[in-house]
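Now for the letters of each chain:
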Amino acid sequence: MPAPEGRSADRARAEIAAALGQTGFTLPGSITIRRTRCGKPRCACAADPPSLHGPYIQWTRTVHGKTVTRLLTPAQYQAYAPWFASARRLRELAAQLEDLSLAEMARAEGWAKITPGTAAPPRTRPVRGPNPNYPKPRETPGDQSA
Ligand SMILES: [Zn+2]
């Protein structure tokens, strides 16, 4: 007969599973909305107050370890915003299920403590890591004859 804690963990797991069952379409990546200046001195974006270009709706995701971006139209953004929200919810639910599973494993194994993992991973990765060659190491002057 399972311990009461086990039964409440089962209930919590069932609630998460039910929420997962309600999950609709999900899109990976994140959205950044930007309004920009083009730099031309006579453009409306340089006026005071400025009338900036955009909005540019940029969708960023990782494909085979590389960052990929695509611009969305406002209509596309509006249409797919629930899919991005659904992906966030999915990540939250997955994290909850993992936390619950860790606690349940610790309970079942009699482990006093189990360190929870890190929170959900960042939604995007940096384009690339720091370039070790930038800034270039300065060349040290060689010996100079006097
Ligand atoms: Zn401009």
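Residues numbered from 1 in each chain as written. Predicted model: local features only at pLDDT ≥ 70, side-chain atom pairs only at ≥ 80, totals over all residues. Heavy atoms only, no water.

**Q** Give me the lowdown on the pairing of strand β3 (residues 66–72), citing residues and values where you can.
**A** Bridging between strand β2 (residues 53–63) and β3 involves seven bridges; their strand directions are antiparallel. Paired with Arg61 across the strands is Val68, a residue of β3. Linking β2 back to β3 in an antiparallel pair, the connection comprises two residues, with His64 at a positive phi of about 50°. (Pairing = 2+ DSSP bridges. Helix = DSSP H or I, 4+ residues; strand = E, 2+ residues; numbered from the N terminus.)

**Q** Tell me about the sheet that holds β2, and please be specific about residues and values.
**A** In space, the three strands of this open sheet follow the order β1-β2-β3, with antiparallel pairing throughout. Only two strands of the sheet have a single neighbouring strand rather than two, namely β1 (30–36) and β3. Shown here is a sheet whose adjacent strand axes are inclined to one another by a mean of 30°, direction ignored. Sitting on the sheet, helix α2 (residues 74–109) is in contact with β1, β2 and β3, with an inclination near 130° to β3. (Axes fitted to C-alpha atoms, helices over the stretch in contact; angles between N-to-C directions. Contact = heavy atoms within 4.5 Å.)

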